[in-house]
Amino acid sequence: MASLKLPEVVPSPTQDSERLRKAVQGYGTDEKTIILVLGHRNAQQRKEIRETYQQLYNESLIDRLHSELSGDFRNAVILWTYDPQERHARLAKEALKTKKKGIKHLQVLVEIACASTPNHLVAVRQAYCSLFDCSLEEDIIASVSPPLRKLLVSLVSSYRYDKVAVNLEVAKLEASKLHEAINSKQLHDDHIVWILSTRNLFQLRETFACYKNLYGNTLEQGIKKCGNGDLESLLNLVIWCIDCPEKHFAKVVRDSILGLGTDEDSLNRAIVTRAETDLLTVRFEYANMYKSSLDDDVVGDTSGDYRDFLMTLLGKVY
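Residues numbered from 1 in each chain as written. Predicted model: local features only at pLDDT ≥ 70, side-chain atom pairs only at ≥ 80, totals over all residues. Heavy atoms only, no water.

Looking at an unreviewed UniProt entry, the protein carries the name Annexin, with the source organism given as Mucuna pruriens. Taken directly from UniProt, the Sequence similarities (unreviewed entry) text for the protein runs: "Belongs to the annexin family." (UniProt positions renumbered as here; feature names shortened; annotations may be inferred.)

Pasting the structure below:
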C-alpha cells in the first residue's frame, strides 16, 4: 500500500506551478511550500506540474529546484520530481558509473527488474536509451564483470507474465534443478539464470516454497552454503526482492541508518521509489523485522527540511 497522501481537492497544475514559482523567487527559498506541493502529488500530477511550469516560465522546474535547494533535501526532492521511469534510469546509470561496484551499488538494478512491474521495467529501459544514447544492457555488459553480468542482463531484459499463474509440478521440477545446481556449486548455471529471470513472481514464490518443503532449508540458505562471494550475494538479493520486496526495502532503510552516519542515497531510494507503491507495507515489515518504528528511526537519523520531506512521503503531516 502506498504511503503518499493527496489533498481532497487537488489544485490545478497552473496553481501549483504559480505557488512553486513564488517559493523559489526573491530572497531565500520557501522550502515548506515545495514540500507541501510536491510532497502531496502523484506521478501524473507531478508530470503535469513540470510541463505547466516549463510552459509558463520557460525554464525547467528540475533545474530551478537544483539551483535553489541543497544537500540531501535537494537530492530527495529532485529524485521525487522525476517521472518514475526516468528516476530509475538515472539511478541505474549512477550505479553503473561507480568504478568499484559492489552488491550494494547493483541493488537498484535488481529492484528495477524484480520489485517492479514488467511495464515499468520496459519504461525504464526506454528512458535509459533516451537519456544516455545506449541500452541498459550495453552498460551492464561494459561495466559489470561475469558471472554477475549474465544474471543482471537476463533480469533487466525479461518481460515476466504479471498475472497469478502457478503450476505446482513446474515448481517442483524447477526447485529440483535449482537444488542440483547448488549441490554442485554451479551457481552460474543457465537453469538458475533462466528460472529467476523469466518465471512470473507467483510461480517463483511457489518454487521457493517447494524448495524448502523438499530439501528442509530455504533457497537462500542453500546458496549461502556455496560461499559468500558476490554471485551468492547477488542471487540472494534477487530471491529476497522476488519473494518479499517489502522486506528488502525495510532492510535497505535499516542498513541506511545503522552505524555511524546515514546513507542518504539508499534512504532516499527506498522511500522515494516506494511511496507510491508499498511503503505502508514496508513500514509494517520493518516493525516486524526490527521491533522498531521506521518513522521514529528515520526522524532520529535525519533533520530539518530533509526529514520533513521524507516524513511527508511516509504519510505524516509536517
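Still more ground to cover, so stick around.
Draft legend 1. Broad picture of the overall build of the protein. Counting secondary structure elements, the protein contains 20 helices and zero strands. Compactness check: the protein gives a C-alpha radius of gyration of 21 Å against a globular reference of 20 Å for 318 residues, within 12% of the reference. Counting only C-alpha atoms, the protein reaches 65 × 45 × 40 Å along its principal axes. Within the protein, buried positions represent 49% of all 318 residues. Here the contacts in the protein between residues at least 6 apart in sequence split such that 71% fall between residues at least 24 apart. (Helix = DSSP H or I, 4+ residues; strand = E, 2+ residues; numbered from the N terminus. Rg over C-alpha atoms; globule rule 2.2 N^0.38 Å. Buried < 20%, exposed > 50% of the residue type's maximum accessible area, 1.4 Å probe, protein only. Contact = heavy atoms within 4.5 Å.)

Draft legend 2. Representation of the UniProt feature "binding site: Ca(2+) 2" (unreviewed entry) in the protein in the model. As recorded in UniProt, the sites labelled "binding site: Ca(2+) 2" (unreviewed entry) are Ile257. Note on placement: Ile257 falls in helix α16 (residues 245-257). A residue is classified by how much of its surface remains accessible, and Ile257, at 10% relative accessible area, is buried. Setting aside residues no more than four positions away along its own chain, Ile257 makes contact with Thr262, Leu267, Tyr286, Asp297 and Asp301.

Draft legend 3. Fine view of the packing of α16 against helix α19 (residues 294-301). Interhelical geometry of α16 versus α19 gives an angle of 30° and a closest axis separation of 10 Å. With respect to α19, the axis of α16 lies roughly parallel. For the pair α16 and α19, the crossing hand works out as left-handed. Contacts between α16 and α19 pair Val253, Arg254 and Ile257 from the former with Leu294, Asp297, Val298 and Asp301 from the latter. The class makeup of the residues in the contact of α16 with α19 is four nonpolar, no polar and three charged. (Axes fitted to C-alpha atoms, helices over the stretch in contact; angles between N-to-C directions. Parallel < 35°, antiparallel > 145°, perpendicular 65-115°, else oblique. Left-handed = near helix turned anticlockwise from the far one by under 90°. Nonpolar A, V, L, I, M, F, W, Y, C, P; charged D, E, K, R; others polar.)

Draft legend 4. Expanded view of the environment of His188. You can see His188 is positioned in the loop between α11 (168-183) and α12 (190-198). With 97 residues separating them in the primary sequence, His188 and Leu91 have C-alpha atoms 26 Å apart.

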